[in-house]
Amino acid sequence: MSDNMSDFPETPTQTGPKGVINDWRRFKLESMDQESLPAAKRELLRQMSSPSRPRDDAKANINRKMSVQEYELLKEEDEGCLKKYRKRCMQDMHDKLSFGPRFEGVHTLDSGEAFLEVIEKEHYSTVVVVHIFKVGVKGCEEINSCLDCLAIEYPTVKFCRIDAVASGASERFSDEVLPTLLVYKAGELLGNFLACTQHLTEEFFATDVEAFLNSYGLLPEKELPGMEDEEENDVE
């Protein structure tokens, strides 16, 4: 991307028809590979970004009406850029509406103290799902794999796992009650599912565990669907 984009005046994302057009123009200019464009188009982009003009003139340049030349330039290859723009707008909206931290993957807890800390100190709006397992116990490995998948689908949920022995409460969590799923929010126990695989079929998947937790209303709404999938459906 050309260096003169760094001088393009920063303005907050706006709403309303004029604001959306201006925001779209800015996104389009910043996302285009200007070096691969013909000289005439690069000059037009330079005029549109106006890096050499005073800041006030540059702001006025953003708010002016779109010329025919601009329209012809901006509409070329708009489909791919529009997908990216829509995805960015959806993500911006989601970020503004989202509260609490986000997580990546399943967190392994190595002690009873770590187990208590994650329950007591996590953000009040965060759902915490803890899998108590033991290596070699039927169903534990499968539940771990399912939680790996669900952690991607629900980044606002904190998924954890802890070995029953490491928890310091192995006498309470004998092999007969494993795997166990515990669900907390704001330090309160919402779900206590001993030998949770008894509620599932012999062969189960992440969607089955998800449906089970959702049957008790324990998972939040899913993230917004990926824009790529939506666009592929539109093309079909």
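Structure first, text after, so check above.
Criteria and thresholds
Residues numbered from 1 in each chain as written. Predicted model: local features only at pLDDT ≥ 70, side-chain atom pairs only at ≥ 80, totals over all residues. Heavy atoms only, no water. Phe/Tyr/Trp six-rings, centres within 6.5 Å; stacked < 30°, edge-to-face > 60°. Helix = DSSP H or I, 4+ residues; strand = E, 2+ residues; numbered from the N terminus. Buried < 20%, exposed > 50% of the residue type's maximum accessible area, 1.4 Å probe, protein only. Core = buried A, V, L, I, M, F, W, Y, C linked by side-chain atoms within 4.5 Å. Contact = heavy atoms within 4.5 Å. Disulfide = S-S within 2.5 Å. Polar contact = N/O pair within 3.5 Å; in protein donor to acceptor, adjacent residues only side chain to side chain.

A.B. asks: Can you break down the packing of aromatic side chains residue by residue, with the values?
C.D. replies: The tally for this structure, following the rule as stated, stands at four aromatic pairs. Relative to Tyr184, the ring of Phe115 lies with its centre 6.3 Å away and its plane at 80°, an arrangement referred to as edge-to-face. Pair noted here: Phe115 is in helix α6 (residues 112-121) and Tyr184 is in strand β4 (residues 180-185), with a separation of 69 residues, a long-range link. Comparing Phe115 with Tyr184, the two get one shared label, buried.

A.B. asks: Any chance you could break down the nonpolar core for me, citing the residues and the numbers?
C.D. replies: One finds Ile143, Phe159, Leu181, Phe193, Val209 and Leu213 to be the most contacted residues of the largest nonpolar core, which totals 23 residues. Among the secondary structure elements, those contributing two or more residues to this core are β2 (127-133), α7 (140-153), β4 and α8 (206-215). It is α7 that provides the largest number of residues to this core, a total of five residues. Ignoring any residue separated from it by four or fewer positions in sequence, one finds Val209 in contact with Ile143, Cys146, Leu150, Leu181, Leu200 and Phe204. Ile119, Val137, Cys140 and Leu178 belong to the second-largest nonpolar core, a separate cluster that totals 20 residues.

A.B. asks: Report on the side chain of Lys158, specifying residues and quantitative values.
C.D. replies: Within the secondary structure, Lys158 sits in strand β3 (residues 158-163). Once you skip the residues sitting within four places of it in the chain, Lys158 turns out to touch Phe103, His107, Val118, Glu122, Thr126, Val127, Val128 and Val129.

A.B. asks: Quick one: what's the story with the state of the cysteines, residue by residue and with numbers?
C.D. replies: Between two cysteines, a covalent bond joining their sulfur atoms is known as a disulfide. Under the defined criterion, the tally for this structure stands at zero disulfides. Among the cysteines around Cys140, which has no disulfide bond, Cys196 carries the closest sulfur, lying 7.9 Å off.

A.B. asks: Give a description of the environment of Ser174 that names residues and reports values.
C.D. replies: Tracing the sequence through the fold places Ser174 in the loop between β3 and β4. In this structure, the C-alpha to C-alpha distance between Ser174 and Val137, residues 37 residues apart in sequence, is 10.0 Å. A polar contact is formed between the side chain of Ser174 and the side chain of Glu176, at a distance of 2.9 Å.

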